[in-house]
Amino acid sequence: YATEQDRLHNFKKIADFVGITPAQVALVLMLKNLVSLTDAIMFEKRMTPEFLDEKIGDPYNYLPLIRALVEGK
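Below is a short write-up of the structure.

The rules behind these values
Residues numbered from 1 in each chain as written. Predicted model: local features only at pLDDT ≥ 70, side-chain atom pairs only at ≥ 80, totals over all residues. Heavy atoms only, no water. Core = buried A, V, L, I, M, F, W, Y, C linked by side-chain atoms within 4.5 Å. Buried < 20%, exposed > 50% of the residue type's maximum accessible area, 1.4 Å probe, protein only. Helix = DSSP H or I, 4+ residues; strand = E, 2+ residues; numbered from the N terminus. Contact = heavy atoms within 4.5 Å. Salt bridge = Lys/Arg side-chain N within 4 Å of Asp/Glu carboxyl O. Patch = residues over 30% accessible without salt bridge, like charges linked within 9 Å, V, L, I, M, F, W, Y side chains within 5 Å. Areas by Shrake-Rupley, 256 points an atom, 1.4 Å probe, with all protein chains shown as cover.

Side note on the nonpolar core
Counting 12 residues, the largest nonpolar core consists of Leu8, Phe11, Ala15, Ala23, Val25, Ala26, Met30, Tyr62, Leu65, Ile66, Ala68 and Leu69. Residue assignment for this core shows that the elements contributing at least two residues are α1 (9–18), α2 (22–42) and α3 (49–71). Excluding residues within four positions of it along the chain, Met30 makes contact with Pro59, Tyr62, Leu63 and Ile66.

Concerning the pattern of salt bridges
With the rule as written, the count across this model stands at 3 salt bridges. Notably, a salt bridge pairs Lys55 with Glu54, separated by 3.4 Å at the nearest N-O pair. Given the relative accessible area of 38%, Glu54 is considered partly exposed. Here Arg67 and Glu71 are joined by a salt bridge, their closest N and O atoms 2.9 Å apart.

Focus on the side chain of Asn33
Relative to the helices and strands, Asn33 resides in helix α2. When its relative accessible area of 0% is taken as the criterion, Asn33 is described as buried. Among residues more than four places away in sequence, those in contact with Asn33 are Glu54, Lys55, Asp58, Pro59 and Tyr62.

Brief notes about a nonpolar patch on the surface
On the surface, Ile14, Phe17, Val18, Ile20 and Val28 cluster together into a nonpolar patch covering about 470 Å² of accessible area. Looking at the nonpolar patch element by element, the count peaks at 3 residues for α1. Note that Ile14 resides in helix α1.

What follows is the structure, given as structure tokens:
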């Protein structure tokens, strides 16, 4: 998600492309994982440990990024 000059570069670049804020971009990407997990639970799909690690772990990774984007760091 980063360049050597800006660790939040990709969020900012996507925001420019689609016309939303960088924090909104990070929120959408986090929600993508939560929707996938929600669908798996609601439709009682088989979930591997790797699937669960990704779908549960990724939102935890996005939260500090969202904070940094909101705070302008």
